[in-house]
Amino acid sequence: MAQIIIFFTLLACGLVFGRHIEQKHYRSIKWREKRLIGMPIVTGRWQEEITPDQEGVFVHGSVVVASDYFKTVASSLKSVFGGRLQNYEALLDRGRREAILRMKEQANKQGVQKIINLRFETSTVGRAASGKGFLPCVEIHCYATGLIDRPNV
Amino acid sequence: MYKPKLPPEGINSSEEHPLKEFMLLVVASGLFIFALLIIFIALGKLASHWVSIDQELGWTHELGILKEKVLTQKKKDLKDDFIDSLVADIWDQYKDQYETTRDLKVSTIPSKQPNAFMAPGGYLSVTDQLIKGAKTQNEISFVICHELGHFIHRHPLNRLGQRFLSGVTLSLIGMNDFAMNIVGPTVGIFTLHFDRGEERQADLFALECLMNKYGHVQGYDYFFKRIKEESKLDIGDNQYLDFLSSHPATDERIEVLKQWALKNNWNLEGELTPNPIYKKDNLP
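Before going into details, it helps to say that this report is about the structure given with it. This is a predicted model, so every value here is computed, not measured. (Residues numbered from 1 in each chain as written. Chains lettered and ligands numbered in written order. Predicted model: local features only at pLDDT ≥ 70, side-chain atom pairs only at ≥ 80, totals over all residues. Heavy atoms only, no water.)

### Quick look at the overall build of chain B
Inference 1: For chain B, the helix and strand inventory stands at 11 helices and three strands.
Inference 2: Starting at the N terminus and walking to the C terminus, you meet the elements of chain B as α-α-α-α-β-β-β-α-α-α-α-α-α-α.
Inference 3: Counting only residues that meet the buried cut, chain B has 43% of its 284 residues in that class.
Inference 4: Contacts in chain B between residues far apart in sequence, at least 24 positions, make up 74% of those at least 6 positions apart. (Helix = DSSP H or I, 4+ residues; strand = E, 2+ residues; numbered from the N terminus. Buried < 20%, exposed > 50% of the residue type's maximum accessible area, 1.4 Å probe, protein only. Contact = heavy atoms within 4.5 Å.)

### Comments concerning the sheet that holds strand E1 (residues 105–109) of chain B
All names here are of chain B.
Inference 1: Taken in spatial order, the three strands make up an open sheet running E1-E3-E2, and their pairing is mixed. Looking along the sheet, the strands with just one partner apiece sit at the ends: E1 and strand E2 (116–119). Each adjacent strand pair in this sheet contributes to an overall mean axis angle of 20 degrees, direction not counted.
Inference 2: The sheet contact formed by E2 and strand E3 (residues 123–127) spans four bridges and is antiparallel. From the neighbouring strand, alanine 119 faces E3, where its bridge partner is tyrosine 123.
Inference 3: Docked against the sheet, helix H4 (residues 78–95) engages E1 and E3, running at close to 145 degrees with respect to E1.
Inference 4: Along the sheet face, helix H6 (residues 137–152) touches E2 and E3 and points at about 20 degrees away from the line of E2. (Pairing = 2+ DSSP bridges. Axes fitted to C-alpha atoms, helices over the stretch in contact; angles between N-to-C directions.)

### With respect to the packing of helix H2 (residues 69–81) of chain A against helix H1 (residues 18–50) of chain B
Inference 1: It is the contact of H2 of chain A with H1 of chain B, at a shortest axis distance of 10 Å, that shows an interaxial angle of 50 degrees. One way to sum up the angle between H2 of chain A and H1 of chain B is to call them oblique. Note on packing geometry: the crossing formed by H2 of chain A with H1 of chain B is left-handed. Contact residues: Phe70, Val73, Ala74, Leu77, Lys78 and Phe81 of chain A in H2 of chain A; Pro18, Leu19, Glu21, Phe22, Leu25, Val26, Ala28 and Ser29 of chain B in H1 of chain B. (Parallel < 35°, antiparallel > 145°, perpendicular 65-115°, else oblique. Left-handed = near helix turned anticlockwise from the far one by under 90°.)

Geometry only, nothing functional implied.
Structure follows, in structure tokens:
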């Protein structure tokens, strides 16, 4: 009985706090995306487009995101029946956008005008990495080449 | 000229409230588990039809030898001899009917609670407090008959079959220990209804058994009254606690038994047989 009460309490906490944090994070993401919209990003290498008066710098951003209790339980149930894991989709969407934003913020400080050759890496971390953990936890890392115009070089 | 703009929202994530999908999943899972439960109960009952009482007692013979070896380490006393002969006396009434010559395996366990348990294979365990604290043999006989009712109606075997099948199936569909810890107790609460049905079945059997042994049913309610006094907790009037109990409410059980005895014209009063082991000091 106690186990059931603890389970439903954790589930409610996961739903209330998890959703609050998610909505707050999305608001922050949207605001920062608008602020940094002027910096173009492409995934192509664009080697031939790089001119001698441009300097290439390494830029990267990474984020570690963890699922909450509600998302994990809902996704476990969903995995029995199959279909879209909507709860994890939102989590990974936030992770990817946050990593790009962190990279853009770093690039902005370095004076980068545009970012090329964007790549993503993801890896599970914590106990989830060994397959023993209950709450999934993932690191999303993005890296690219930032181009800085140096007309006098 | 190119003007950068943000992509629209909702491409990689859903705008739908997560509770909507979760509720659907809970309902679907509930129906799925309910269907499994019905199948397990049906299969458990089928299993007991295939296995006769004699076979059940025989299958556990090897295990019985092992258990007897353990039991012989414990020094037998008067109460062990008394309970052995009482159980044998009651069981002898049913041997012919169920076509077996095998005996039940009886053991006493130290406990401050008066109680008895029946395990698959005819293993009857009786707490020493049940024997020492009963003033009459009739009271102990009723409890033994009740446990015998579970055995005759194959409840322990059904339960064993159901637990085995549900454990294997839940493991096969990939439910981990955590999920099973949640699903198990949740299903357990809703299967208590079946448990209470089994308790009523065993109670009615016990009443008839008492009638066959003594020619009357006096003493059928002594055990219930004793546990009610000793536990100082009566769940009889609390429907919520009743829902969470594997046994029907005490007062309700007594009333059902009384009505059953009246319906069958069984004597509610008769001569009581004293318990030779009982001493006033034994009472807690």
